[in-house]
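Next come the chains, spelled out residue by residue.
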Amino acid sequence: MNKKIEKILNKQIEAEAVSSHLYLAMASWAENSGINGTANFLYLHADEERVHMLKLIKFVNERGGKAVIPAIPAPKQNFESLTDVFSRLLEHELMVTNMINEVVFVCLQEKDYTTHNFMQWYVAEQLEEEALARNILDKLKMIGSDKGGLYLFDRDIESFQVGNKAGAASPK
Ligand code: OFO
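Calculation rules
Residues numbered from 1 in each chain as written. Predicted model: local features only at pLDDT ≥ 70, side-chain atom pairs only at ≥ 80, totals over all residues. Heavy atoms only, no water. Helix = DSSP H or I, 4+ residues; strand = E, 2+ residues; numbered from the N terminus. Rg over C-alpha atoms; globule rule 2.2 N^0.38 Å. Buried < 20%, exposed > 50% of the residue type's maximum accessible area, 1.4 Å probe, protein only. Contact = heavy atoms within 4.5 Å. Areas by Shrake-Rupley, 256 points an atom, 1.4 Å probe, with all protein chains shown as cover. Lys, Arg positive; Asp, Glu negative; His and termini not counted. Charge placed at Lys NZ, Arg CZ, Asp CG, Glu CD. Core = buried A, V, L, I, M, F, W, Y, C linked by side-chain atoms within 4.5 Å. Salt bridge = Lys/Arg side-chain N within 4 Å of Asp/Glu carboxyl O. Axes fitted to C-alpha atoms, helices over the stretch in contact; angles between N-to-C directions. Parallel < 35°, antiparallel > 145°, perpendicular 65-115°, else oblique. Nonpolar A, V, L, I, M, F, W, Y, C, P; charged D, E, K, R; others polar. 1 Å grid on protein atoms, 1.4 Å probe; cavity = no way out; pocket = protein on both sides within 12 Å on 5 of 7 lines; lining within 4 Å. Points joined across faces, edges and corners; volume = space filled by probe spheres on them. Phe/Tyr/Trp six-rings, centres within 6.5 Å; stacked < 30°, edge-to-face > 60°.

So, the overall build of the chain
Helices and strands together make up the secondary structure of the chain, namely six helices and zero strands. A compact globule built from 172 residues should have a C-alpha radius of gyration of about 16 Å, and the chain, at 17 Å, falls within 12% of that. Principal axes of the C-alpha set define a box for the chain whose edges measure 55 × 25 × 25 Å. In the chain, which comprises 172 residues, the share counted as buried stands at 48%. Of the contacts formed within the chain by residues at least 6 apart in sequence, a portion of 80% connects residues at least 24 apart. When the accessible area of the chain is evaluated, it comes to approximately 9000 Å², of which 55% is carbon and sulfur surface. Across the chain, 19 positive and 24 negative side-chain charges occur, with their mean positions spaced 6 Å apart.

Encoded structure:
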């Protein structure tokens, strides 16, 4: 595997691990705050980020590269509100989108069309995740501090789809 591609894919493996860890911390905070629907949604999201990482690990190894399992720093543990959680989630996803765009750019520079093709799943996934996070933030803005609204939000959030289910169902 081209060394430049191997390096940038390993950077992406680390980013997916960091995402999974961050959403796990958010889920745990929500659970401790009694916001259980949101906690379940975020636990699921953390699992899906782990699947994103696994897909990359397998791809790198199967193409003759060496996937590096990264050390992950402890994520933020406390959040001010649901709006705080989802603002940070959107901000994080925008950063991940930039990283994925960079991988795609390097693939084209290196004429690695196989990896370019593989990365298209991540490009589509980012579109969905950003749209979902924006949608959730819009709902939270509408609800404001209305307790009844927040109760319904927490009840309904479990039915929101996280990510590209077809691709996330399997690590390959
Ligand atoms: Fe949140 O998405 Fe991974 O790539």
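Next comes the rest of the account.
A short note on the nonpolar core
Residues Met26, Phe41, Leu42, Phe86, Ile136 and Phe153 are the most contacted members of the largest nonpolar core, which totals 26 residues. Of all the secondary-structure elements, those providing two or more residues to this core are helix 1 (3-32), helix 2 (36-62), helix 3 (82-109) and helix 4 (113-143). Beyond its immediate stretch of four places on either side in the chain, Ile136 contacts Phe41, Phe86, Phe153, Ile157 and Phe160. One finds Ile5, Ile8, Val96 and Cys107 within the second-largest nonpolar core, a separate group that totals 21 residues.

Describing the pattern of salt bridges
Tallied over the full model, the rule gives six salt bridges. Note that Arg63 is salt-bridged to Asp112, the shortest N-O span being 3.5 Å. Of this pair, Arg63 sits in the loop between helix 2 and helix 3 while Asp112 sits in the loop between helix 3 and helix 4, and the two are 49 residues apart along the sequence. Classification of Arg63 as partly exposed rests on a relative accessible area of 31%.

Comments concerning the packing of helix 4 against helix 5 (residues 147-156)
The N-to-C vectors of helix 4 and helix 5 enclose an angle of 155 degrees; their axes lie 9 Å apart at closest approach. As far as their axial angle goes, helix 5 and helix 4 are roughly antiparallel. Residues Ile136, Lys139, Leu140 and Ile143 of helix 4 touch helix 5, and the partners they reach there are Gly149, Leu150 and Phe153. Broken down by class, the residue content of the contact of helix 4 with helix 5 amounts to five nonpolar, one polar and one charged.

What to know about empty space enclosed by the protein
What the rule picks out here adds up to one cavity of 30 Å³ or more. Every residue lining the largest cavity is listed: Phe41, His45, Leu89, Glu129, Leu132, Ala133 and Ile136. When contributions to the lining of the largest cavity are tallied by element, the ones reaching two or more residues are helix 2 and helix 4. Sort the elements by how many residues they give to the lining of the largest cavity and helix 4 lands first, with four residues. For the lining of the largest cavity, a count of residues per class yields five nonpolar, one polar and one charged.

Looking at the packing of aromatic side chains
Considering all chains together, one arrives at six aromatic pairs under this definition. With centroids separated by 6.1 Å and ring planes inclined at 55 degrees, the aromatic side chains of Phe41 and Phe86 adopt a geometry described as tilted. Within this pair, whereas Phe41 is found in helix 2, its partner Phe86 is found in helix 3, the two being separated by 45 residues in sequence. The same class applies to Phe41 and to Phe86, which are both buried. Their ring planes at 85 degrees and their centres at 4.9 Å tell us that Trp121 and Tyr122 sit as a pair that is edge-to-face. The exposure class of Trp121 is buried, given its relative accessible area of 15%.

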